[in-house]
Amino acid sequence: MKKNNTDKLTNALLYTIRILFWVAFAFSLFIKCFYLQFTTQINTRPFMGPVNNNMMAAIAGSILVILASIMLVSNKRRFIVLLITDIFFSLLLFADTIYFRYYNNVLTIPVFYQIGLVGDTVESISALLKIKDLVFIADLPFLFAGILIMRKLKKGKTLKLKKAVKFASAAIFLAAGLLVVSGSYRKADTSLFLYDHNHVIRRLGILYFHCYDTSNFVKENFFENKTLTAEEINSLNEFFANNETPDNNLTGTQKGKNLIVVQLEAIQNFLINAKVGGREITPHLNELARNSLYFDNLYYQIAGGNTSDAEFLCNISLYPADKGAAYFRFPSNVYFSLPGYLKDEGYNCFSFHANEASFWNRHTMYSSIGFDKFYSDKDFTLDEKLGWGLSDMSFLQQSVEKLKNQQPFYGFLITLSSHHPYGAFADYDFDVEQYEGTLLGNYMKAANYVDKAVGHLLQLLKENGLYENTVLVIYGDHFGINRENSHLITAFLGKDDNTYEYMELQKVPLIVHSPGIEAKTISTTAGQIDIMPTVLNLYGIKTPYAMGRDILSTDYGYALLRNGTVITDKYIFINSSGEIYDKKTGEKLDINEYGEEIQSIQKYLDLSDLILKKNALKKLKK
Ligand code: GP9
Ligand code: MN
């Protein structure tokens, strides 16, 4: 009788401890996630608010899903698995937090591939630690004690959970978890997920993010056949063999000089030399264009990666990814990049952009392609705010300060002030006459401001003794006025609003300036993909794995856009409609005359996709 009572008591105690163990696991995991979300400032106070509530619900739902899967483990191992899972998440969330304090990003699977780089940069993890981080291990002594007590009470017996109970409870937890997470997903603003991992974490929590990152990685890496066939290798080798850069009269003339490449946000080519009310919109760029190599027939080739695609085209000379952003999908591929080539020549290579380092996954991509350091928003003093953040004027000033003692250098500078929708320039002092208060008017004002900033940059280079010894490359990343509103530009320019004129507006300026280079306007049709081979040839550096060409070494130009549209010196072929226009007159042409050439150019997209999806340059590398 007495023994029976003791057994009952022991069993009751055991059940209580088991339940407490589950609760402790779930609760402590929630607290750790919560701590991460706020200590990183991915989420901000007040704790209660629509975004934070939704994030917390998603974390709770994710924990329910984790609990459901552990319920399926055998009776014997279930609590040990719970303990191991707890340790796993403690380590992961702790590593995320430490990594975030340095990089403003949590860990992703591609980052694990570059862990060597991380090791080099994070000199001392201890400097990043905070006493509060003990929260990541605070529960462990209790869980260990729980395991020991349960062992003792069980005395070798295994208390069995009936199969039906086990599966039923797992199913209930799983259904509840998925319901909560999908509810949160529906409520979350997912529009920014494409640009920045931190937006995913802010809205759906760190656990959802790791699941999202893992599934993206698995999809990209395990469900795609990555083996290159002999035929694929041949077509790649053949393409690159035919794409070698010949020498021209400027080859090697800029060897040893510094390089500054400025990517201007949303600056289209029609702005160059355009006037409003008799005033030039971009007087500094116009003057610079007159004194430089000015490419006035260069098309932007961006796709789903927008600004980051322009960077990718310029620094890597491959086409952007077929969907999404190459910066997110293929950051750990082998690339032959502008910073990579210049690093081999002993250059110090830096990228500058006064926005969050995580935006477009820049931080991961930049370290992967060989920039020594990425100066992001945290590295700049926010002494003048304009639009999205630090003003271009101050950005360029601070960037030159950081660059000037690092010669020989390659500085890649991305401006930000002239980001759509240009409202920040509504009161800016530049008279746009009848366009005052309109989208186009504000865009012109923004362009005038960026132009002033470029003028300031030139002055800074002169003041700091860098002008003579630096090649300055300036180009626009993509359109500033979207398709829907492009009739505003054609009306301003006094042109018809039709497909041909719209296509002619999809050009960005490219200016290559060096006191040693004679000025010339080059109207060969080209794309952003051609920037790297063109610029590096000036340094005497060949680019055997670039898909672009040196614009100065060819007299027949073309630009292939990511949507399959092909523009050559002769025609503009619109892939979506099959229409073809004479490049100079806009008259319709007969597609049959050019079909074969168009198809052979369009194949380059397949080759570029092959390089990205199968990491082909790793295999071709001699
Ligand atoms: C963000 C900036 C703008 O950092 O480069 O990006 P966008 O919206 O133009 O792609
Ligand atoms: Mn942009």
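Just above sits the structure.
Quantities reported herein were computed from a predicted structural model and do not represent experimental measurements.

Asker: Explain the coordination of the manganese ion (ligand 2) residue by residue, including any values.
Answerer: Coordination angles at a metal have ideal targets, namely 109.5 degrees for four tetrahedral donors and 90 or 180 degrees for six octahedral donors. Distances from the manganese ion (ligand 2) to its protein donors, namely E265 (OE), E265 (OE), T307 (OG1), D477 (OD) and H478 (NE2), fall within the range 2.1 to 2.5 Å. For the manganese ion (ligand 2), the six donor atoms in the first shell make angles of 55 to 166° at the metal, a pattern classed as irregular. Sequence spacing of the donor residues for the manganese ion (ligand 2), all on one chain, is E-x41-T-x169-D-H. With E265 in the loop between β1 (258-264) and β2 (275-276) and D477 in the loop between β11 (470-476) and α17 (486-493), the pair connects residues that are 212 residues apart, well separated along the chain. The residues E265 and D477 share a single accessibility class, namely buried.

Asker: If you had to explain the environment of K404 to someone new, which residues and values would you point to?
Answerer: For K404, the position within the fold is in the loop between α15 (392-403) and β10 (409-414). C-alpha separation for the pair K404 and P246, spaced 158 residues apart in sequence, amounts to 33 Å. Apart from the residues lying within four places of it in its own chain, the contact partners of K404 are N464 and L466. A polar contact is formed between the side chain of K404 and the side chain of E401, at a distance of 3.2 Å.

Asker: Kindly report on the layout of surface pockets, identifying the contributing residues and their values.
Answerer: Empty space within the largest pocket amounts to approximately 1,200 Å³. As for the largest pocket, its lining consists of 42 residues, and the residues nearest its centre are R329, F330, P331, S332 and N333. When residues of the lining of the largest pocket are traced back to their parent elements, those giving at least two are α4 (109-113), α8 (197-222), α12 (326-329), α13 (338-344), α14 (362-369) and α21 (616-620). Tallied by class, the residues present in the lining of the largest pocket amount to 17 nonpolar, 13 polar and twelve charged.

Asker: Give a description of the sheet that holds strand β17 (residues 571-573) that names residues and reports values.
Answerer: Overall, antiparallel pairing links the four strands, which are arranged β15-β16-β17-β18 in an open sheet. Taken across any chain shown, the strands that pair with only one partner, and hence form the sheet edges, are β15 (558-560) and β18 (580-582). Between one strand axis and the next, the sheet turns through 10° on average, direction left out of account. The sheet contact formed by β17 and β18 spans three bridges and is antiparallel. In the strand pairing of β18, F573 is matched with I580. Sheet strands touched by helix α20 (residues 595-613): β15, β16 (566-568), β17 and β18. Its angle to β15, the strand with the most contacts, is close to 55°.

Asker: Give me the lowdown on the pairing of strand β12 (residues 510-513), citing residues and values where you can.
Answerer: With burial as the criterion, each face of β12 is covered, one bearing L510 and V512 and the other bearing I511 and H513. Two strands pair when backbone bridges link them, and strand β4 (residues 293-295) and β12 are joined in this way by three bridges, in the antiparallel orientation. By the bridge assignment for β12, Y294 is matched with I511.

Asker: So what about the nonpolar core? Which residues, and what values?
Answerer: Residues L259 and L342 are the most contacted members of the largest nonpolar core, which totals 81 residues. Top element by residues in this core is α20. It accounts for seven residues. L342 has contacts with L259, Y347, C349, Y410, L536, Y539 and I541, leaving out every residue within four places of it along the chain.

Asker: Describe the packing of aromatic side chains, and please don't skip the residues or the numbers.
Answerer: By the definition in use, this model includes 44 aromatic pairs. A centroid spacing of 5.1 Å and a plane angle of 75° characterise the contact between F88 and F89, whose relative ring orientation is edge-to-face. For F88, a relative accessible area of 48% gives the class partly exposed. Ring pairs connect the aromatic residues F312, Y327, Y335, Y366, F371, F374, Y410 and F412, which therefore count as one cluster. One Lys or Arg, K462, reaches over the ring of Y467 and ends 4.8 Å from the middle of that ring. In this structure, R483 packs its charged tip against the face of Y502, placed 3.9 Å from the ring centre.

Asker: Requested: an account of the site of ligand 1, with residues and values cited.
Answerer: The immediate surroundings of ligand 1 are formed by E265, N306, T307, H353, N355, F359, W360, R362, W388, L416, H419 and H478. In this structure, T307 approaches ligand 1 through a side-chain N or O atom, which is 2.5 Å from an oxygen atom. In the model, an oxygen atom of ligand 1 is placed 3.1 Å from a nitrogen or oxygen of the W360 side chain. If ligand 1 stood free it would expose 310 Å²; the protein chains cover 96% of that surface. Taken together, the residues that form the shell around ligand 1 break down as four nonpolar, six polar and two charged.

Asker: Lay out the pattern of salt bridges in plain terms, naming residues and giving numbers.
Answerer: Enumeration over the complete set of coordinates arrives at 19 salt bridges. Across the pair D609 and R562 runs a salt bridge, and its minimum N-O distance is 2.8 Å. In this pair, D609 sits in helix α20 while R562 sits in the loop between β15 and β16, placing the two residues 47 residues apart along the sequence. The pair formed by D609 and R562 is uniform in burial state, with each residue classed as buried. Salt bridges here are not isolated pairs; linked through shared partners, they connect E220, D322, R329 and K613.

Asker: An account of the side chain of N333 is needed here, citing residue identities and associated values.
Answerer: On the secondary structure map, N333 appears in the loop between α12 and α13. A distance of 2.9 Å separates the side chain of N333 from the backbone oxygen of L612, its partner in a polar contact. For N333, the contacting residues outside a window of four places in its chain are S368, I611, L612 and N615.

Calculation criteria
- Residues numbered from 1 in each chain as written.
- Chains lettered and ligands numbered in written order.
- Predicted model: local features only at pLDDT ≥ 70, side-chain atom pairs only at ≥ 80, totals over all residues.
- Heavy atoms only, no water.
- Donors = N, O, S within 2.8 Å, 3.2 Å for Na, K, Ca; no water.
- Tetrahedral: all angles 85-135°; square planar, octahedral: opposite > 155°, others 65-115°.
- Helix = DSSP H or I, 4+ residues; strand = E, 2+ residues; numbered from the N terminus.
- Buried < 20%, exposed > 50% of the residue type's maximum accessible area, 1.4 Å probe, protein only.
- Contact = heavy atoms within 4.5 Å.
- Polar contact = N/O pair within 3.5 Å; in protein donor to acceptor, adjacent residues only side chain to side chain.
- 1 Å grid on protein atoms, 1.4 Å probe; cavity = no way out; pocket = protein on both sides within 12 Å on 5 of 7 lines; lining within 4 Å.
- Points joined across faces, edges and corners; volume = space filled by probe spheres on them.
- Nonpolar A, V, L, I, M, F, W, Y, C, P; charged D, E, K, R; others polar.
- Pairing = 2+ DSSP bridges.
- Axes fitted to C-alpha atoms, helices over the stretch in contact; angles between N-to-C directions.
- Core = buried A, V, L, I, M, F, W, Y, C linked by side-chain atoms within 4.5 Å.
- Phe/Tyr/Trp six-rings, centres within 6.5 Å; stacked < 30°, edge-to-face > 60°.
- Lys NZ or Arg CZ within 6 Å of the ring centre and 35° of its normal.
- Near = heavy atom within 4 Å.
- Areas by Shrake-Rupley, 256 points an atom, 1.4 Å probe, with all protein chains shown as cover.
- Salt bridge = Lys/Arg side-chain N within 4 Å of Asp/Glu carboxyl O.

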